[in-house]
Amino acid sequence: MLSKPKADAPPSEAAVRRALGPAVAAWDALLDPARNRTREWKRYGKKHPWSLRVNEGKRTVLWLVPEEGVLRVAVILGEKAVARGLAGPLSQKLKRELRDATAYPEGRAVRYRMRSAARVRDVERLVDLKVGRAQ
């Protein structure tokens, strides 16, 4: 089981794909090599599962935590990015998620539990906000 934090090494690609099941479509879409993103497995303590930090350049744009049947995704946006999103052409649902996101010193964390690729476009819109790409 992937969510057990006891392993000393990050999970293999095969183990991730097997565990995710239908959520592997979201994994593949978010890690599309054409997006020119780098990846780094991290574990933030022995009691925590492995997570994959996804970077554009030196900037972390999203965090992925594969679990059995679900992909947990987080995007942390600074206040300027949140303001751009709330003023921009995002859907009302996505704007509500931005307003309701937990605020931390480093920004607002928007989190999803994805069982399919249905919300990939919303995640990409948040990443675009984070890195300052036009909406």
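It should be emphasised that the depicted structure is a prediction, and the values quoted were computed from it without experimental measurement. (Residues numbered from 1 in each chain as written. Predicted model: local features only at pLDDT ≥ 70, side-chain atom pairs only at ≥ 80, totals over all residues. Heavy atoms only, no water.)

Participant: Let's hear about the packing of helix 3 (residues 79-87) against helix 4 (residues 92-100): which residues, and what values?
Facilitator: Think of two packed helices as two axes; the pair is described by the angle between the axes and how far apart they sit. Where helix 3 contacts helix 4, the axes come no closer than 9 Å and their chain directions differ by 150°. One finds that helix 3 runs roughly antiparallel with respect to helix 4. Crossing hand, helix 3 versus helix 4: left-handed. Every residue of helix 4 that contacts helix 3 at V82, G85 and L86 is listed here: K95, L98 and R99. (Axes fitted to C-alpha atoms, helices over the stretch in contact; angles between N-to-C directions. Helix = DSSP H or I, 4+ residues; strand = E, 2+ residues; numbered from the N terminus. Parallel < 35°, antiparallel > 145°, perpendicular 65-115°, else oblique. Left-handed = near helix turned anticlockwise from the far one by under 90°. Contact = heavy atoms within 4.5 Å.)

Participant: An account of the side chain of D122 is needed here, citing residue identities and associated values.
Facilitator: On the secondary structure map, D122 appears in helix 5 (residues 120-131). Here R119 takes part through its side chain, which lies 2.7 Å from a polar atom of the side chain of D122. If we skip the residues at most four places from it in the chain, D122 touches L94 and Y112. (Polar contact = N/O pair within 3.5 Å; in protein donor to acceptor, adjacent residues only side chain to side chain.)

Participant: Explain the pattern of salt bridges to me, using residue names and the numbers behind them.
Facilitator: Within the structure shown, the criterion is met by 14 salt bridges. E124 is the salt-bridge partner of R35, the closest N and O atoms lying 3.4 Å from each other. Taken together, the residues span a long stretch of sequence, with R35 in the loop between helix 2 (24-30) and strand 1 (38-42) and E124 in helix 5 at a distance of 89 residues. Its salt-bridge partner being D122, residue R125 comes within 3.6 Å of it at the nearest N-O pair. Here D122 and R125 lie together in helix 5, a separation of 3 residues that amounts to about one turn. Take R125: its relative accessible area is 29%, and that puts it in the partly exposed class. Classification of D122 by relative accessible area gives buried; the value is 14%. Through salt bridges with shared partners, one network takes in R35, R37, E56, E124, D128 and R133. (Salt bridge = Lys/Arg side-chain N within 4 Å of Asp/Glu carboxyl O. Buried < 20%, exposed > 50% of the residue type's maximum accessible area, 1.4 Å probe, protein only.)

All we've got here are geometric facts, nothing functional implied.
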